[in-house]
Amino acid sequence: MGIVSPGFTGRRGAGSDLPPGQYLTHEFPVLSAGPTPHVRHEHWELTVANETGEVTRWDWKALTALPSEKITKDLHCVTRWSKLGTEWKGVSLDVLLADVETGADFVMVHSYGGYTTNLPLEDLLDGQAWIAYEYDGEPLHPEHGGPARLLVPHLYLWKSAKWVRGLVLSDSEDLGFWETAGYHEYGDPWKEQRYAGD
Amino acid sequence: MERTAIRRRLTWQAGTVTEVRAETASARTVVLDVPDWPGHLAGQHLDVRLTAPDGYQASRSYSIASAWSGSGTGPGIGTTVELTVEQVPGGEVSPYLVDVIRPGDPLEVRGPVGGWFVWKPEQEGPIQLIGGGSGVVPLMAMLRAHAAAASTTPARLLYSVRRPEAVIYVSDLKELAASDDIEVTFAYTREAPPGEQRAPARIDAGLLASVTFQPEDAPTTYVCGPTPFVETVADLLVAAGHDPARIRTERFG
């Protein structure tokens, strides 16, 4: 318990389905480090590079031709808002990575606009992550990462890179954009892994 | 995007409120003394944690308003941190900081956090600051750092605000604007003061073309404010030919 703040009682009522330190919002706040990239479908491309440098590519047509899923998940942002039951459509990373030869343990995700974030590969597999291109039944708005973003709902939302353009598999862990700027290298909301060392 | 390496473990620290200042009808500056404060860069933020008598806690992030003077050179210098908080209607932490907290009260903080939306005096090139409402807070920290470092880097602030009485830091901004190296422009969106030539309006391409650094000046531009404001301004800047990689944004709400 921290030092008691004189006169503070708190608003409460956050609900037990929220990770510690989170509050509920019905809005969909936007947080990004720079201008919103506006990427046209005909210029869009997603690549996966394995640790030997072998690259697999999908253009927009190829991505949207893959088997897709509807996904309903809670989102948790490190800035402390949580949004419950959000609905998406996208392609599971299990589908995208099915034919990629790899023994790598880590992934660096790259976005249009230059953003990066790192994850363990095992967090992208087994029905835990998607390349999402619809939100709430509509094409994903550029503010929220459209045309397509990574969606990894079990980690803080900065791991769900907007405007995703590539995954680079690696045997060693490097740090991404916010991770280099003091945020946690993994980011489990239920363990409150907000900042380095948490 | 360039990278900055700031990784170390952050712990909650006990601070004490030394002063509170009304800035506007809904915004207040809370001055803290944090004995173990490690220092910060202009533009960084910190987390504030409130604890109720039964142990219930709530935390939020706030931009730091003060420049830090670097290594301490006297009693208290280097351990003072200022936050300027705008009351969010229905909020949980901001009403406490704006209406309740008093000098002498304890306040727990954790930080500083963030290594992207920052300005360092050694950074090259002009700085263009564009703030909407309380988005001026981290930009003010940058102007204060600029003044504290006696920097001659050209700096401009374009501050979008509803009406004159909503301007945060009005006297400090006038003082800073008297410097040869700092220009301050107010863009009133609802109500302009007497004598203001521009009719109340939101920031548009014409205003950006006339009062901000142009792409050929290669400024680093910092845009902070509510999401629709940041989205609009950043899109206008990109459309005007500014390199997206030199535009840094911070959004709230």
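Just so we're clear, the structure is a prediction, and the values are computed from it rather than from any experiment.

On to the overall build of chain B, then. What chain B contains, in helices and strands, is five helices and eleven strands. The C-alpha radius of gyration computed for chain B amounts to 18 Å, which stays within 12% of the reference 18 Å derived for 253 residues, consistent with globular compactness. For chain B, the C-alpha atoms occupy an extent of roughly 55 × 40 × 30 Å along the three principal directions. When the 253 residues of chain B are sorted by exposure, 51% land in the buried category. Across chain B, contacts joining residues at least 24 apart in sequence account for 71% of those joining residues at least 6 apart.

Let's shift gears to the environment of T56 of chain A. Residues and elements named next belong to chain A. For T56, the position within the fold is in strand β3 (residues 55-59). What makes T56 partly exposed here is its relative accessible area of 29%. With 110 residues separating them in the primary sequence, T56 and G166 have C-alpha atoms 9.7 Å apart.

So, about the packing of aromatic side chains. All names here are of chain B. Throughout the structure, instances matching the rule amount to 18 aromatic pairs over all chains. Pairing F117 with Y222 gives two aromatic rings, centres 5.4 Å apart and planes at 90 degrees, and the pair type is edge-to-face. Separated by 105 residues along the polypeptide, F117 in the loop between β6 (106-113) and β7 (127-132) and Y222 in strand β10 (residues 220-226) bring together distant segments of the chain. Residues F117 and Y222 agree in their burial class; the two are buried. Ring centres of F186 and Y188 lie 6.0 Å apart, and the angle between their planes is 25 degrees; this geometry places the pair in the stacked category.

The next subject is the sheet that holds strand β8 (residues 155-161) of chain B. All names here are of chain B. Strand order across the open sheet formed by five strands is β9-β8-β7-β10-β11, with parallel pairing between neighbours. Strands at the two margins of the open sheet, each flanked by one partner only, are β9 (182-188) and β11 (247-252). Geometrically, the sheet is characterised by an average inter-axis angle of 10 degrees between neighbouring strands, direction not taken into account. With five bridges joining them, β7 and β10 adopt parallel strand pairing. Along β10, the bridge assignment pairs I130 with V223. Helix α2 (residues 136-148) rests against β7, β8, β9, β10 and β11 of the sheet, and its axis sits at about 150 degrees to β7. Its contacts with the sheet place helix α3 (residues 170-177) against β8 and β9, and it is angled at close to 135 degrees to β9.

The tally for this structure, following the rule as stated, stands at 18 salt bridges over all chains. Between E134 of chain A and K89 of chain A there is a salt bridge, with the nearest N and O atoms lying 3.9 Å from each other. Of this pair, E134 of chain A sits in strand β8 (residues 130-135) while K89 of chain A sits in strand β5 (residues 81-92), placing them 45 residues apart in sequence. With its nearest N and O atoms 3.3 Å apart, the salt bridge here joins R21 of chain B to E19 of chain B.

This part takes up the interface of chain B and chain A. Of the residues lining the interface, 51 residues belong to chain B; the matching set on chain A comes to 42 residues. Across the chain B to chain A interface the summed buried area is about 3,900 Å²; carbon plus sulfur atoms make up 54%. Run the count over chain B and chain A and you get three salt bridges. Residue R80 of chain A pairs with D47 of chain B through a salt bridge whose shortest N-O separation is 3.1 Å.

The rules behind these values
Residues numbered from 1 in each chain as written. Chains lettered and ligands numbered in written order. Predicted model: local features only at pLDDT ≥ 70, side-chain atom pairs only at ≥ 80, totals over all residues. Heavy atoms only, no water. Helix = DSSP H or I, 4+ residues; strand = E, 2+ residues; numbered from the N terminus. Rg over C-alpha atoms; globule rule 2.2 N^0.38 Å. Buried < 20%, exposed > 50% of the residue type's maximum accessible area, 1.4 Å probe, protein only. Contact = heavy atoms within 4.5 Å. Phe/Tyr/Trp six-rings, centres within 6.5 Å; stacked < 30°, edge-to-face > 60°. Pairing = 2+ DSSP bridges. Axes fitted to C-alpha atoms, helices over the stretch in contact; angles between N-to-C directions. Salt bridge = Lys/Arg side-chain N within 4 Å of Asp/Glu carboxyl O. Buried area = accessible area lost by both parts, 1.4 Å probe.

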